[in-house]
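Below are the chains, spelled out letter by letter.
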Amino acid sequence: MGDGKQSPICQPYHKALKAFKKSKGLDDSYDPYKAAYGSMPSHAASNPAIQQMYINGHFCYAFKLGIVTNGLSIVRDISFYNKDVLDAHPDIIVGKKSDSPDEDKSLADSKALIPVLRDFFRKHPLINPKTFLGDAAFDSIEIYKYPLEDTSIEKAYIPLNGRIFLPDADCPLNEDGIPCCPKEPSLLLKREGSKSHLRCGLPTMKFVCPKMKWEYNEETGKSRRVCHCENPCTDSSCGRMFYIYPEKNLRAYPGTLRDKQEWNSTYKIRVNVEKSINHFKDSFCVAGRKTQNEKTLHADLLFAGITQLITVMVADKIHKHQYIRSLKLLIA
């Protein structure tokens, strides 16, 4: 899922406040961005749907929209956050909820996601994705719970925007949620399978001491674990073993591990999603519009989505799949 903004008005209030801070010799406790944010109205006088936002270091007044794409960054759904959508989903955050523009943007993005996904699955019951990609604004317990428990999604690739922890865990966790040696936190435990042998059937992730090795005994004809740690953190000859139940902490373990190559290679797909959104803004001329008419902007946005889908169909028919996201190259 990606966010798009159609911004007809920009306000440089923060520049004046930065100059004010410098001229008055104020210390770093004075935040000119928060001061500017608090002094500006929460929406444009011409249309309450044009909300105040803080995007890429700039304040602006903009229409906000949500775009859901597939892994090829082909648009699958568009939500225009107009009055009808907001009335149908009162849990979507609009207006100011704090004195921090960044916190409000993150809160608004996260609260909009689940309503948008619910609408998407209701409108497209035959689409059953297995993977979700989102940015760190979506890093909250509620967001992991809905897609991983109530939809077909099995893995959620969302970067953390803060540390994770497991209550009552006897192993510390690193920033990616990987258990570490209690005596040497820089030493990561290694993953050893994910099948559950519990009677309850709950899936588990098993981690073992990285200094443990399997050794074969010729007399018994069996192999056993032997820990070769010079300073062991347990009396067990097998070394430390640590079990994680992803179902109990979906934020820490959203169907995948964050430090694996699988995570890195899969999350790179989001670059194409961002490029697709920029195509909507630039190539399809959705951004930089002079009109403030909501219906016109909504119609132009839908036409942009239709144009992209036509591009995909034409590229497929002429077997030029490398051009499915590039209308300019396709017609060149």
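Residues numbered from 1 in each chain as written. Predicted model: local features only at pLDDT ≥ 70, side-chain atom pairs only at ≥ 80, totals over all residues. Heavy atoms only, no water.

**Student:** Mind laying out the overall build of the protein, listing which residues take part and the relevant values?
**Tutor:** When its secondary structure is counted, the protein shows 9 helices and 11 strands. Considering only contacts in the protein between residues 6 or more positions apart, those separated by 24 or more positions represent 53%. (Helix = DSSP H or I, 4+ residues; strand = E, 2+ residues; numbered from the N terminus. Contact = heavy atoms within 4.5 Å.)

**Student:** Which residues make up the pattern of salt bridges, and what values do they have?
**Tutor:** Applying the stated criterion across every chain yields a total of 9 salt bridges. A salt bridge links Glu192 to Lys206, with the nearest nitrogen and oxygen atoms 3.6 Å apart. Placement of the pair is Glu192 in the loop between strand S7 (190–191) and strand S8 (205–208) and Lys206 in strand S8, with a sequence separation of 14 residues. Overall, Glu192 belongs to the partly exposed group, its relative accessible area being 23%. Several salt bridges share partner residues, and in doing so they unite Glu192, Lys206 and Arg225 into one network. (Salt bridge = Lys/Arg side-chain N within 4 Å of Asp/Glu carboxyl O. Buried < 20%, exposed > 50% of the residue type's maximum accessible area, 1.4 Å probe, protein only.)

**Student:** Go over a nonpolar patch on the surface with me, naming the residues and quoting the values.
**Tutor:** A surface patch of nonpolar side chains, amounting to about 450 Å² of accessible area, comprises Phe303, Ile306, Ile310, Val314 and Ile318. Within the secondary structure layout, Ile310 lies in helix H8 (residues 294–317). (Patch = residues over 30% accessible without salt bridge, like charges linked within 9 Å, V, L, I, M, F, W, Y side chains within 5 Å. Areas by Shrake-Rupley, 256 points an atom, 1.4 Å probe, with all protein chains shown as cover.)

**Student:** Please give an account of the packing of aromatic side chains that cites residues and values.
**Tutor:** Per the counting criterion, the structure on display carries 4 aromatic pairs. Their ring planes at 40° and their centres at 4.9 Å tell us that Tyr157 and Trp263 sit as a pair that is tilted. Separated by 106 residues along the polypeptide, Tyr157 in strand S6 (residues 155–157) and Trp263 in helix H6 (residues 261–267) bring together distant segments of the chain. Both residues of the pair, Tyr157 and Trp263, count as buried. With a centroid separation of 6.2 Å and an interplanar angle of 10°, the aromatic rings of Trp263 and Tyr267 are classed as stacked. In this pair, Trp263 and Tyr267 both sit in helix H6, 4 residues apart, roughly one turn of the helix. There is no split in this pair, since Trp263 and Tyr267 are both buried. Every member of this aromatic cluster is reached through a ring pair, and the members are Tyr157, Trp263 and Tyr267. (Phe/Tyr/Trp six-rings, centres within 6.5 Å; stacked < 30°, edge-to-face > 60°.)

**Student:** Outline unusual backbone geometry, supporting the account with residue identities and numerical values.
**Tutor:** As a rule of thumb, non-glycine residues mostly have phi less than zero, and peptide bonds are mostly trans rather than cis. The backbone of Ser73 shows a phi angle near 65°, a positive value even though the residue is not glycine. Structurally, Ser73 can be placed in the loop between strand S3 (58–69) and strand S4 (75–80). For Ser73, a relative accessible area of 0% gives the class buried. Even without a glycine there, the phi angle at His319 is positive, about 60°. With respect to the secondary-structure elements, His319 resides in the loop between H8 and helix H9 (327–331).

**Student:** I'd love a proper account of the sheet that holds S7, names of residues and values included.
**Tutor:** Pairing within the open sheet is antiparallel, and its 3 strands lie in the order S7-S8-S11. Strand pairing shows two members of the sheet lacking a second neighbour, S7 and strand S11 (241–244), which therefore form its edges. Sheet topology places S7 next to S8; 2 bridges connect them, and they run antiparallel. Across the sheet, residue Arg191 finds its bridge partner in S8, namely Phe207. (Pairing = 2+ DSSP bridges.)

Interpretation note: all reported values are geometric properties and have no functional meaning in isolation.
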